[in-house]
Amino acid sequence: MSASSILSPRTITNSEGLAEFNALFNNQQAADDAALKLKVYWDKWAVAFDAQWFEATEINAKILTGKKLAQEVENAKIKVATAVQQALEGQQVTAPIDLPTNAVNNDEAVAAFYSIFKSQQVADKEVETLVANWDKWAIAFGGRWYAPEIFNAKVVVGRLIAKAMADARSKVTKAIMEAIEGKQISLFAESATNTEDKPLPVADNKLEKAKDRAQVFKDFMKIEINMGATADRLAFLYRGVQKSPYKEQIKDYPERLKAKPDGQTIVSYGETVVLKGSDRTVTFSSYPEVGKLPEIDPKGLDFLHGDIKEACVCVGSFVGDKIKAHWLGKNALAKGQFWSSTKILPLLNVVCKVNGNSLDTDIDNCVIRDQDRRKRDVPFYEMAWDVVSYGDRIASSNSLAAMFKRFETRPGLENWVRKITGNPNLDFRGSYGQPAFIYRPEVYDLKKGKVILAPASEGSPGENLLTAYDLTRFISMLGWHHHITAPARLPSAQWHSLESIVRAMGTDACRYMDVAIEMLGLQNYISSPVIISKLGNGYSSSRNRYEYVYVALVQFIDELPKGEAKPVKLRTVSMVLRGASRDAVQLDARMAAEVTEILRRVVTEELA
């Protein structure tokens, strides 16, 4: 990009300054009265407005305060324009200002976009480069949830320009009004830039702001509204992994889940932790063996919004080389419909049965073969990927999930789930609304050259009615496989096969955790993240409401303690939320907001 593409800062003339000042008042008499007061209180405001070398007259008061107002607005615009120039040059851009929470409309945004270029023709040419360099600047400008398209680039950039200009105008106008009242006015200054490795103040600011849960919900609703969300097109539930900032790290998740604190540079909570704000001590317990129910704090999630009908959270803490856990719930053992989130269970069952039959078989070396030879052989991972990502490369998620249930009778699979969780109050004999993609599938090990797992008879059908606890138990057993005792692990399952499901679950279409991390300002203050999850959703005609489910495990190294010269902390937590509402869009925003609140409390150690 040439340096001349974007306008240089312009100098504000006296006549422009006078016009800006007069425009602040309803009539000329009010402007004159204000100028007289500014003359009287000259020493209170002159330095801030670069007026200390001028004679204290009414006309000078008008011109100098008006010029300062116009110049600060111009400077704010150019500050964003400078970031745009960096983006056009292919540089990685950081946010030049806080992102807008009450954005201007699209037409105003496009007009603001054009205002920084020398001509509309130049702007229309350069916007193509912005689209090409989308990953360099879009997140910093608040455009993560927009497709990289020309119109979206204009809107996203324009909204930030408009926000910068409006903020500057509001700031200087407020100072002028205070000066008229005789208040002492301080110098206008840019917010300090954090150039040193001190992340704590920046993240702390967003963490503190996020305590306003009503505002967090409103911010998520604004994203829904800006994209024109409907029940069939939601901002977060089916956002897709392609727009996730963590998509390139999914391949590293299995290795990261092996990590444990060294107790010196990386620490965990330990045996106990004192919660911030309440001074309550939480004691972590050994992870339960298969078939044993843990003790769940029934009031631990009472802070969740009423639209969250059931929830379970399990916070992990390393004690020695094993994870101990603390379980919290909200109707965690209430049986209900958890929709497609339960599709992870047949996948895990297949891995357990495969390794039970052949301990050294790696599921990545296996294909799903049609015993009747009507369908082509497909690698297990490719089908698991399709189940979770909704990519439809092989077949629909529903038909593939139904197929994975064909390796066990329905009563047998139901009993398997009960025996693992220790919860007898569940049903798991249902289907997923479509016939199995392959009715008689078998698992064939390409390396061994033989069938490892054959299809089973179907058995008597029923419903899929589980609990939030059941699903939390399974995803925590998967993610914490290396750090729980052998009697607590998924029976027979080996990590060389489970890691395939970890990678598949990294591709979940639902991205609630992504936006929670961003809302809290944590994206630059965590390392080695792992986010595995599975969505579920549906409309219940009998209950006359939409229902969304989020099953997730998140793990990361929290770098914030560095700001207090403390070791960084490994945080790992599993969760399941089931929300319900008659408004699909509001429910999507609510689920994102409540995941954000859980994560906020984990990071601030208000919850453990």
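Please read these numbers as outputs of a predicted model, since none were measured by experiment. (Residues numbered from 1 in each chain as written. Predicted model: local features only at pLDDT ≥ 70, side-chain atom pairs only at ≥ 80, totals over all residues. Heavy atoms only, no water.)

1. Things to note about the packing of aromatic side chains
This model, assessed by the stated rule, comprises 18 aromatic pairs. With 5.7 Å between their ring centres and 85° between their planes, W45 and F49 make a pair best called edge-to-face. For W45, a relative accessible area of 1% gives the class buried. A relative accessible area of 2% places F49 in the buried class. Directly above the ring of Y432 sits K343, whose terminal nitrogen or CZ lies 5.6 Å from the centroid. Positioned over the ring face of W385 is R393, at 3.6 Å from the centre of the ring. (Phe/Tyr/Trp six-rings, centres within 6.5 Å; stacked < 30°, edge-to-face > 60°. Buried < 20%, exposed > 50% of the residue type's maximum accessible area, 1.4 Å probe, protein only. Lys NZ or Arg CZ within 6 Å of the ring centre and 35° of its normal.)

2. Remarks on unusual backbone geometry
Not every positive phi belongs to a glycine, and Y390 is a case in point at roughly 60°. With respect to the element layout, Y390 can be found in the loop between helix 13 (380–389) and helix 14 (397–404). For S492, which is not a glycine, the phi torsion comes out positive at approximately 75°. Judged by relative accessible area, S492 falls into the partly exposed class, the value being 39%. (Helix = DSSP H or I, 4+ residues; strand = E, 2+ residues; numbered from the N terminus.)

3. Details of a nonpolar patch on the surface
Together, L36, V40 and Y41 make up an exposed nonpolar region whose accessible area comes to about 270 Å². Its location among the elements puts L36 in helix 2 (residues 28–40). Its relative accessible area of 42% is what places L36 among the partly exposed residues. (Patch = residues over 30% accessible without salt bridge, like charges linked within 9 Å, V, L, I, M, F, W, Y side chains within 5 Å. Areas by Shrake-Rupley, 256 points an atom, 1.4 Å probe, with all protein chains shown as cover. Salt bridge = Lys/Arg side-chain N within 4 Å of Asp/Glu carboxyl O.)

4. Side note on the environment of I250
With respect to the secondary-structure elements, I250 resides in the loop between helix 10 (213–226) and helix 11 (253–256). In this structure, the C-alpha to C-alpha distance between I250 and A46, residues 204 residues apart in sequence, is 57 Å. Non-local contacts of I250, meaning those with residues more than four positions away in its chain, are made with V241, R503, G506 and T507. (Contact = heavy atoms within 4.5 Å.)

5. Here we look at the side chain of S244
Mapped onto the fold, S244 is located in the loop between helix 10 and helix 11. For S244, a relative accessible area of 4% corresponds to the buried category. Sequence-distant contacts of S244, that is, excluding residues within four places in its chain, are made with R511 and D514.

6. Section: the pairing of strand 16 (residues 568–581)
With 14 of 14 residues buried, strand 16 lies mostly within the body of the structure. Here strand 16 shows two buried faces, one formed by V568, L570, T572, S574, V576, R578 and A580 and the other by K569, R571, V573, M575, L577, G579 and S581. Pairing between strand 1 (residues 266–267) and strand 16: 2 bridges, direction parallel. In the sheet register, I266 faces strand 16, and the bridge partner there is V568. Summarising the sheet, strand 6 (residues 308–319) and strand 16 pair through 8 bridges and their orientation is antiparallel. Each bridged residue has a counterpart across the sheet, and for C312 the counterpart in strand 16 is V576. (Pairing = 2+ DSSP bridges.)

7. Concerning the sheet that holds strand 9 (residues 378–379)
Read from one edge to the other, the open sheet built from 4 strands follows the order 9-8-11-12, with strand pairing classed as antiparallel. The open sheet has two edge strands with one neighbour each: strand 9 and strand 12 (450–453). Across 5 bridges, the pairing between strand 8 (residues 366–370) and strand 11 (residues 441–445) is antiparallel. Bridging from a neighbouring strand, R369 pairs with E442 of strand 11. Set on the sheet, helix 12 (residues 344–357) makes contact with strand 11 and strand 12; between it and strand 12 the angle comes to about 125°. (Axes fitted to C-alpha atoms, helices over the stretch in contact; angles between N-to-C directions.)

8. Considering the nonpolar core
Grouped together as the largest cluster of nonpolar side chains are 145 residues, with contacts concentrated most on F380, M383, F404 and Y512. At 12 residues, the largest contribution of residues to this core is made by helix 19 (residues 584–604). Contact partners of F404, with chain neighbours within four places excluded, come to P346, L347, V350, I368, F380, M383, A384 and V387. One finds A31, A51, I97 and V156 within the second-largest nonpolar core, a separate group that totals 60 residues. (Core = buried A, V, L, I, M, F, W, Y, C linked by side-chain atoms within 4.5 Å.)

9. Observations regarding helix 19
The end-to-end C-alpha separation of helix 19 is 30 Å, in line with the 30 Å expected for 21 residues at 1.5 Å each. When you tally the buried positions in helix 19, you get 20 out of 21 residues, the bulk of the element. Immediately downstream of helix 19, the backbone of E605 shows phi near 60°, a positive value. (Expected span 1.5 Å × (residues − 1).)

10. Topic: the confidence of the model for the chain
Confidence in the prediction of the chain, expressed as mean pLDDT, is 92, and 97% of residues score 70 or more. Of the regions scoring below 50 in pLDDT, residues 190–202 engages in 10 contacts with residues more than four places distant in sequence or in other chains. (pLDDT = per-residue confidence, 0-100.)

11. Here we look at the packing of helix 13 against helix 17 (residues 495–505)
Where helix 13 contacts helix 17, the two axes come as close as 8 Å, and the packing angle between them is 35°. At the point where helix 13 passes helix 17, the crossing takes the right-handed sense. Residues F380, Y381, A384, W385 and V388 of helix 13 lie in contact with helix 17, whose contacting residues are S500, I501, R503, A504 and M505. Taken together, the residues that form the contact of helix 13 with helix 17 break down as 8 nonpolar, 1 polar and 1 charged. (Left-handed = near helix turned anticlockwise from the far one by under 90°. Nonpolar A, V, L, I, M, F, W, Y, C, P; charged D, E, K, R; others polar.)

12. Quick look at the pattern of salt bridges
Across all of its chains, the model carries 45 salt bridges by this definition. Between R169 and E20 there is a salt bridge, with the nearest N and O atoms lying 3.1 Å from each other. Here R169 is found in helix 8 (residues 150–180), whereas its partner E20 is found in helix 1 (residues 14–22), with 149 residues between them in sequence. Of the residues examined, R169 reaches a relative accessible area of 33% and is grouped as partly exposed. One salt bridge in this structure joins K68 and D50, with 3.2 Å as the shortest N-O distance. Taken together, the residues span a long stretch of sequence, with K68 in helix 4 (residues 58–88) and D50 in the loop between helix 3 (42–45) and helix 4 at a distance of 18 residues. K68 sits in the buried class, given a relative accessible area of 14%. The network of salt bridges with shared partners includes E310, R543, R545, E547 and R578.

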